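Residues per chain are reported as follows:
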Amino acid sequence: MKIAGICFCAPFLLFLACKVGHAEGSEKMTPLLLAIQDAPVPFMGSDGRVHLVYELGMTNFSSGDITVEKIEVVGDDTTLQTLDTAAVAARLQPAGQRESSGTLARSTRALLFLNVTLTAGAKVPTELSHRVTMRASAAPPGQQEFTESGGTTSVDTQPVALISPPLRGDHYVAADSCCDATRHTRAALPVNGRVWVAQRYAVDWEQTDASGRIYAGPAEKLQSYAIFGQPVLAVANGVVVSVIDGLPEQTPGKYPTNIPLDQADGNSVIFDLGEHRYALYAHMQPGSIKVRRGEKVHPGQVIGLVGDTGNSIVPHLHFQVTAGPSSLSANGLPYEINAFHVTGSTGGTEAFDQAESNGTPLAITPINPPQEVKEAMPLDQLIISFAAY
Ligand SMILES: [Zn+2]
């Protein structure tokens, strides 16, 4: 084998075999393999920005740790976003783990959860790629810095589902909504042989009373919760493809243990919205579901009541749209709600979690006058009104 350039072959550096003369300049070691499974579908957020939400898969195909120091997201020929070491460390999650880390252990896989935003009216790129700067510890000192490009994907320009609100009324909280909350957006699950992020754009709708309390009265009582019993509404014309009913309410305040996977959604309904889009409503009250499999529904039709069934800690409505009629083995798709008002914002997930467990009023920063939003997705931790103004 003819060797060109500096060779740093060593027994412990299998991946760092040398540059090969036959293809001098055209072949380069890429110890971090980059791939995108599900291309982002651009959509409008309630912040007036276009969001590209997706996962960049990384495999450390080397015998040592790789620390990702910088990632530039390139759209066509323009750098759209640069993530520094700290930003990468907050968004890179090794497979099967909930904790993020900027260092990828040898021979492991991780997902980098991205939320690239563009100003409204900016040209949406047709293709994305990624320039990654890293330190590969398996290489000898002085040769550990690598930059490689990859993870190239076309942007998915399929139309975004435009839906009506799943609930009616005021003081709703879009909990764990897009795009940087971790519980849904990062719920990458290996199901039926591949990794799916069905919940990528899911929202756990909760509600407060006028004083900001998620519940008032005994925490373990379902009726204490502002949202309990709210009518759940069909969001579009569609056909019911799945109904689960008859599962019991949980006791609020604690997650059930050992719940089977097929009962995790509790009493739930899946609609076929057409064009390979499906809407899932989960955790409704037992006996409250008013639609049957095969039934056609129209927007605003009451399909059930908000409950606390399945894998649920307090009464809430879990709502999501996917590309398949399954709650887990389907690709999560964005959607836009035709009209709503943003009346405030919370102090974030942690503050929300505290208010939810203590029953103390949620500190809300009001937006006066309420911001009228049309055709957008309500983003995380906003207070939303679906009332007619
Ligand atoms: Zn949820």
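Residues numbered from 1 in each chain as written. Predicted model: local features only at pLDDT ≥ 70, side-chain atom pairs only at ≥ 80, totals over all residues. Heavy atoms only, no water.

Points about the overall build of the protein
To keep things clear, this is the line we draw: For the purposes of this entry, the term helix denotes a DSSP run of H or I that reaches at least four residues, the term strand denotes a run of E that reaches at least two, and both are numbered from the N terminus. Our radius of gyration looks at C-alpha atoms and nothing else; its globule reference is 2.2 Å times the residue count to the power 0.38. With a 1.4 Å probe rolled over the protein chains alone, any residue whose accessible area is under 20% of its type maximum counts as buried; one over 50% counts as exposed, and the rest are partly exposed. Residue contacts are counted whenever heavy atoms from the two residues lie within 4.5 Å of one another.
Secondary structure assignment for the protein yields two helices and 25 strands. A compact globule built from 389 residues should have a C-alpha radius of gyration of about 21 Å, and the protein, at 23 Å, falls within 12% of that. When the backbone C-alpha atoms are referred to their principal axes, the protein occupies close to 75 × 45 × 45 Å. For the protein, the proportion of its 389 residues judged to be buried stands at 51%. Look at the contacts in the protein between residues 6 or more apart in sequence, and 72% of them connect residues 24 or more apart.

A look at the coordination of the zinc ion
Operational definition: Excluding water, the donors of a metal are its N, O and S neighbours within 2.8 Å, or within 3.2 Å for Na, K and Ca, and that exclusion means sites may look incomplete.
The zinc ion binds to the protein through H184 (NE2), D204 (OD) and H318 (ND1); the donor distances cover 2.1 to 2.2 Å. As a motif over one chain, the donors of the zinc ion read H-x19-D-x113-H. Within this pair, whereas D204 is found in strand β15 (residues 203-207), its partner H318 is found in strand β22 (residues 317-322), the two being separated by 114 residues in sequence.

Observations concerning the confidence of the model for the protein
If pLDDT is low for a region, its predicted coordinates should not be looked at in detail. Our working rule: The predictor reports its confidence for every residue as pLDDT, a score running from 0 up to 100.
Averaged over the protein, the pLDDT score is 93; the fraction of residues at 70 or greater is 93%. A low-confidence stretch, residues 1-21 stays under pLDDT 50, and its non-local contacts, those more than four residues away or across chains, total 38 contacts.

So, unusual backbone geometry
For the bond running from C178 to C179, omega is 15°, close enough to zero to count as cis. With respect to the helices and strands, the residue C179 is situated in the loop between β12 (172-175) and β13 (189-191). Residues N368 and P369 are joined by a peptide bond in cis, for which omega reads -10°. Mapped onto the elements of the fold, P369 is located in strand β24 (residues 364-376). Phi at H283 is positive, roughly 80°, even though this residue is not glycine. Here H283 lies in strand β19 (residues 277-284).

Details of the packing of aromatic side chains
This is how it is decided: Between 30 and 60 degrees the pair is tilted, below 30 it is stacked and above 60 it is edge-to-face, where a pair is any two Phe, Tyr or Trp rings, Trp via its six-membered ring, whose centres lie within 6.5 Å. The criterion for a charge sitting over a ring is simple: Lys NZ or Arg CZ within 6 Å of the ring centre, and within 35 degrees of the ring normal.
On inspection of all chains with the given rule, the structure shows nine aromatic pairs. Taken together, the aromatic side chains of Y172, W205, F340 and F386 make up a single cluster linked through ring pairs. In this structure, R194 packs its charged tip against the face of W196, placed 3.7 Å from the ring centre.

Comments concerning the pairing of β22
Filter applied, for reference: Pairing between two strands requires that DSSP report at least two bridges joining them.
Among the six residues in β22, six count as buried, and that is most of the element. In this structure, β19 lies alongside β22, joined through five bridges in antiparallel fashion. Within the sheet, the bridge partner assigned to A282 lies in β22 and is H318.

Quick notes on the environment of P378
Looking at the secondary structure, you find P378 in the loop between β24 and β25 (382-385). Exposure remark for P378: the relative accessible area of 1% places this residue in the buried category. With 203 residues separating them in the primary sequence, P378 and A175 have C-alpha atoms 9.8 Å apart. Discounting chain neighbours no more than four positions away, the residues touching P378 are S46, A174, S177, W205, I337, F340 and I384.

So, the pattern of salt bridges
Threshold: Salt bridges are identified by distance alone: a Lys or Arg side-chain nitrogen within 4 Å of an Asp or Glu carboxyl oxygen.
Applying the stated criterion across every chain, the model contains 12 salt bridges. R292 is paired through a salt bridge with E295; the nearest N and O atoms lie 3.9 Å apart. Across the salt bridge formed by E372 and K374, the nearest N and O atoms sit 3.2 Å from each other. Each of the two residues, E372 as well as K374, counts as exposed. If you follow the salt bridges from partner to partner, you end up with D38, E55, R194 and R200 in one network.

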